[in-house]
Amino acid sequence: MSSIAQKYPDHKKIHMLIADGYILDKPTLVSTVLGSCVSVTFHCPEKKIGAIFHAILPVMPEKEKEMWVKNNYRYVDSSIRHILWALNRRGVKPEQIEAKVFGGAQVNSGGGNSPGMTNIRVAVEILAELNIKILASDVGGRRGRNLIFVSDTGEVFVKTHKSNAITSQLEQQEPVL
Amino acid sequence: MLKILIVDDSKSAQLKIHSILSQYGLCDQAYNGVEALEYFQVALAGNDLYDLVVMDIVMPKMNGIEAAKEIIKIQDRHNIPDAKRTHIIMLTGKTDPAHLMQAHFEAGVSAYLTKPFEDKTLIEAMNNMGLIEL
């Protein structure tokens, strides 16, 4: 993955943790480590603006919606709505956005409706409801993923882990760039 | 060189996918899920599995999701180790959440790409599976 940093030497570099997200007007490489959490990348090719989040839970509880201080990026639904609002303020329309969906591994689960699967379901359903095209997805499975997003090109580089370690430990890992 | 199987009932889609993938390996072409399984069984019998299957969903005789499930089941039955397993990319015009969820969580495909698509999206998915290096 370090070759990607070499390919884009002038890009700003950010390591994104859980419940974090970014709207990126300037060329940036964002790295993160996903287990059952979800990252959705957004890219507007015309304006070369990108956005990404790393959410851990599917839906923001009603009680939290009423709070003055809340973290939108903790939840899949509020992350997507917040990013689309922010992109809209920059003049980006839904039809100009290309999304990609990653994560949702069933790392600690025997299958069925695992937390990872629920996160992905919420992500793809909200994106469809808001008419955002999902260009590509790489989700599910039993292993975590290292991910790097290039904000101005929309490229996403993924490396799937060789073993299925514990999700929460995976997602606290050091930067992969 | 990779060993690749392209499965799509549209000749124009076959041509486009072949034009992208032929630089990375040898491509066989099937036009529905039943044919895809026949190709896969022959590869299995020769102990020379495909590195990659790129498959549409909507096809006659057997759809892509059913074919993907079968390919994964066959590999499970034969205890094919992870490193040798065939990667499956679903490449489809179906953009609804239900098909995406079914392909990933029921069939177990590695990636789901939607048509119309650009060459770079398919190449990026192959890179992310470790089949090529960008």
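Along each chain, the written sequence defines residue order, and numbers are assigned to residues from 1. Key to labels: chains lettered from A, ligands numbered from 1, both in the order written. In keeping with the predicted nature of the model, local features appear solely for residues at pLDDT of at least 70, side-chain atom pairs appear and are counted solely at 80 or more, and the whole-chain, interface and lining totals rest on all residues. Side-chain descriptors were evaluated using all non-hydrogen atoms of the structure, hydrogens and water having been removed beforehand.

### With respect to the overall build of chain B
Okay, so step 1: Helix and strand definitions here come from DSSP, where helices need a minimum of 4 consecutive H or I residues and strands a minimum of 2 consecutive E residues; each element is numbered from the N-terminal end. When you go through chain B residue by residue, the secondary structure sums to five helices and five strands.
Okay, so step 2: Projected onto its principal axes, the C-alpha positions of chain B cover 35 × 30 × 25 Å.
Okay, so step 3: Across the 134 residues that make up chain B, the buried fraction comes to 54%.
Okay, so step 4: Two residues qualify as a contact provided that any one of their heavy atoms is within 4.5 Å of a heavy atom in the partner residue. Taking the intrachain contacts of chain B between residues at least 6 apart in sequence as the baseline, contacts between residues at least 24 apart amount to 60%.
Okay, so step 5: Surface summary for chain B: the accessible area is close to 6100 Å², and the carbon and sulfur share equals 50%. Think of it in three bands: residues with accessible area under 20% of the maximum for their type are buried, residues over 50% are exposed, and the middle band is partly exposed, with areas taken using a 1.4 Å probe on protein chains only. Surface accessibility in these figures is a Shrake-Rupley result with a 1.4 Å probe; residues are shielded only by whichever protein chains are displayed.

### A word on the pairing of strand β5 (residues 111-114) of chain B
All names here are of chain B.
Okay, so step 1: Burial of the side chains of β5 extends over both faces: A111 and L113 are buried on one face and Y112 and T114 on the other.
Okay, so step 2: One ladder, built from four bridges, connects strand β4 (residues 87-92) with β5; its direction is parallel. When the sheet's bridge partners are listed, I89 is paired in β5 with A111.
Okay, so step 3: Crossover handedness is defined by viewing with both strands directed away from the observer: a clockwise path from the first strand over the helix to the second marks the crossover as right-handed. After leaving β4, the chain enters helix α4 (residues 97-107) and then returns to the sheet as β5, a path that is right-handed. The criterion for strand pairing is that DSSP finds at least two bridges linking the strands in question.

### Topic: helix α5 (residues 119-128) of chain B
Okay, so step 1: In terms of burial, α5 of chain B is largely enclosed, as eight of its 10 residues are buried.
Okay, so step 2: Among the residues of α5 of chain B, those classed as buried are T121, L122, I123, E124, A125, M126, N127 and N128 of chain B.

### Quick notes on empty space enclosed by the protein
Okay, so step 1: The distinction between a cavity and a pocket rests on a 1 Å grid over the protein atoms alone: a 1.4 Å probe fits inside a cavity but cannot get out, while a pocket stays open yet meets protein on both sides within 12 Å along at least five of seven lines, and a residue with an atom within 4 Å of a point counts as lining. Grid points are joined across faces, edges and corners, and a volume is the space filled by probe spheres set on the points. Counting across every chain of the model gives one cavity of 30 Å³ or more.
Okay, so step 2: Taken as a whole, the largest cavity encloses approximately 90 Å³ of empty space.
Okay, so step 3: The wall of the largest cavity is formed by F102, A136, S137 and D138 of chain A together with S110, A111, L113, T121, E124, A125, N128 and M129 of chain B.
Okay, so step 4: Elements that contribute at least two residues to the lining of the largest cavity include exactly β7 (133-139) of chain A together with β5 and α5 of chain B.
Okay, so step 5: Here the element with the most residues in the lining of the largest cavity is α5 of chain B; it accounts for four residues.
Okay, so step 6: Residues are grouped as follows: nonpolar covers Ala, Val, Leu, Ile, Met, Phe, Trp, Tyr, Cys and Pro; charged covers Asp, Glu, Lys and Arg; every other residue, Gly included, is treated as polar. Residues belonging to the lining of the largest cavity are distributed by class as follows: six nonpolar, four polar and two charged.

### Things to note about unusual backbone geometry
Okay, so step 1: For the bond running from K115 of chain B to P116 of chain B, omega is -5°, close enough to zero to count as cis.
Okay, so step 2: Mapped onto the fold, P116 of chain B is located in the loop between β5 and α5.

### So, the side chain of H43 of chain A
Residue and element names in this part refer to chain A.
Okay, so step 1: Mapped onto the secondary structure, H43 falls in strand β4 (residues 38-44).
Okay, so step 2: A relative accessible area of 6% means that H43 is categorised as buried.
Okay, so step 3: Here H43 is in contact with K48, I49, G50, Q96, I97, E98, S151, D152, T153 and G154, once residues within four sequence places are set aside.

### Observations regarding the pattern of salt bridges
Okay, so step 1: For this analysis, a salt bridge means a side-chain nitrogen from Lys or Arg found within 4 Å of a carboxyl oxygen belonging to Asp or Glu. All chains considered together, the criterion is met by 15 salt bridges over all chains.
Okay, so step 2: Measuring nitrogen to oxygen at the nearest pair gives 3.4 Å for the salt bridge that ties E129 of chain A to R81 of chain A. With E129 of chain A in helix α4 (residues 115-129) and R81 of chain A in helix α3 (residues 76-89), this residue pair connects regions lying 48 residues apart in the sequence.
Okay, so step 3: Residue R81 of chain A is classed as partly exposed on the basis of its relative accessible area, which comes to 39%.
Okay, so step 4: Taken together, the shared-partner salt bridges connect D8, D56 and K115 of chain B into one network.

### Remarks on the confidence of the model for chain B
If pLDDT is low for a region, its predicted coordinates should not be looked at in detail.
Okay, so step 1: Confidence scores labelled pLDDT are given residue by residue by the predictor and lie between 0 and 100. Put simply, chain B has an average pLDDT of 97, and 100% of its residues get 70 or more.
Okay, so step 2: Among the prediction metrics, the complex's ipTM stands at 0.95, with pTM recorded as 0.94.

### A look at the sheet that holds strand β2 (residues 25-30) of chain B
Okay, so step 1: The 10 strands lie next to each other as β2(A)-β5(A)-β4(A)-β6(A)-β7(A)-β5(B)-β4(B)-β3(B)-β1(B)-β2(B), forming an open sheet whose pairing is mixed. Two strands bound the open sheet, and with one partner strand each, they are β2 (20-24) of chain A together with β2 of chain B. Taking each pair of neighbouring strands and ignoring which way they run, the sheet shows an average axis angle of 15°.
Okay, so step 2: Here strand β1 (residues 2-7) of chain B runs beside β2 of chain B; their pairing, made up of six bridges, is parallel. Looking across to β2 of chain B, one finds that V7 of chain B is bridged to A30 of chain B.
Okay, so step 3: Set on the sheet, α4 of chain B makes contact with β7 of chain A together with β4 and β5 of chain B; between it and β7 of chain A the angle comes to about 15°. Simply put, an axis is a line fit to the C-alpha atoms, just over the touching stretch for a helix, and the angle between two N-to-C directions goes from 0 to 180 degrees.

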